[in-house]
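Observations on chain architecture
One letter stands for each residue in the lines below.
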Amino acid sequence: QVQLVESGGGLVQAGGSLRLSCAISGRAFSSNTMAWFRQAPGKDREFVAGIRRSDETTYYADSVKGRFTISRDDAKNTVSLQMNSLKPEDTAVYYCASSSFRRAIGTNPNAYENWGQGTQVTVSS
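So, here's what we can say about the structure. For clarity, every value in this text was computed on a predicted model and none was experimentally measured.

A few words now on the sheet that holds strand 7 (residues 68–73). Consider a sheet: its strands pair through backbone hydrogen bonds, and that pairing is either parallel or antiparallel. Across the sheet, which stays open at both edges, the four strands sit in the order 1-3-8-7 with antiparallel pairing between neighbours. Lying at the two open borders of the sheet, with one neighbouring strand each, are strand 1 (2–7) and strand 7. Taken pair by pair, the neighbouring strands of this sheet meet at an average axis angle of 15°, ignoring direction. Bridge count between strand 3 (residues 18–26) and strand 8 (residues 78–83): six bridges; the pairing is antiparallel. Of the residues in strand 8, the one forming a bridge with Leu20 is Leu81.

What follows is the structure, encoded as structure tokens:
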């Protein structure tokens, strides 16, 4: 069983940066893929970035390429999302997710069975 807890959300002005962290607890090898999703009011949950445990392959949504970076620190059992050049349209609740079953990074929320509670990111203009 995996437990995920996000932190680092907050209010930032456009062009600024935030770093989100996801603390992972549970069996060490239970999270084969990790991902960040976000959900804005009235919209579906959308994929932001993902990373594979096996080879640290990453994948990003087109909307965040070049601005966001996903990384993992196995020693600290954390996955982070560095967000730079933030835009108002990045405003959403950001969720950390993991899958113990899938080896490939999935963009569908249904691909992930473990979820954090979410952390709010608000970008002002």
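Attention now moves to the state of the cysteines. Here, the word disulfide means a covalent bond between the sulfur atoms of two cysteines. The final tally for this structure, using the stated rule, is one disulfide. For Cys22, the disulfide goes to Cys96, at an S-S distance of 2.1 Å. A torsion of -85° about the S-S bond marks the disulfide between Cys22 and Cys96 as left-handed. Linking Cys22 in strand 3 with Cys96 in strand 9 (residues 92–99), this pair joins segments that are 74 residues apart in sequence. Per residue, the accessibility class of Cys22 equals that of Cys96, and both read buried.

The next point concerns unusual backbone geometry. Backbone geometry at Asn77 places phi at a positive 55°, although glycine is not the residue there. Residue position: Asn77 is located in the loop between strand 7 and strand 8. Classification of Asn77 by relative accessible area gives partly exposed; the value is 41%. Unusually for a residue other than glycine, Ser85 sits at a positive phi of about 50°. With respect to the element layout, Ser85 can be found in the loop between strand 8 and strand 9.

Counting residues in hydrophobic clusters, the biggest one holds 32 residues, and the most contacted among them are Trp36, Val48, Phe68, Ile70, Leu81, Met83 and Tyr94. For this core, the elements supplying multiple residues, two or more each, are strand 1, strand 3, strand 4 (33–39), strand 5 (46–52), strand 7, strand 8, strand 9 and strand 11 (119–124).

Basis of the calculations
- Residues numbered from 1 in each chain as written.
- Predicted model: local features only at pLDDT ≥ 70, side-chain atom pairs only at ≥ 80, totals over all residues.
- Heavy atoms only, no water.
- Pairing = 2+ DSSP bridges.
- Helix = DSSP H or I, 4+ residues; strand = E, 2+ residues; numbered from the N terminus.
- Axes fitted to C-alpha atoms, helices over the stretch in contact; angles between N-to-C directions.
- Disulfide = S-S within 2.5 Å.
- Buried < 20%, exposed > 50% of the residue type's maximum accessible area, 1.4 Å probe, protein only.
- Core = buried A, V, L, I, M, F, W, Y, C linked by side-chain atoms within 4.5 Å.

The values are spatial; any link to function lies outside them.
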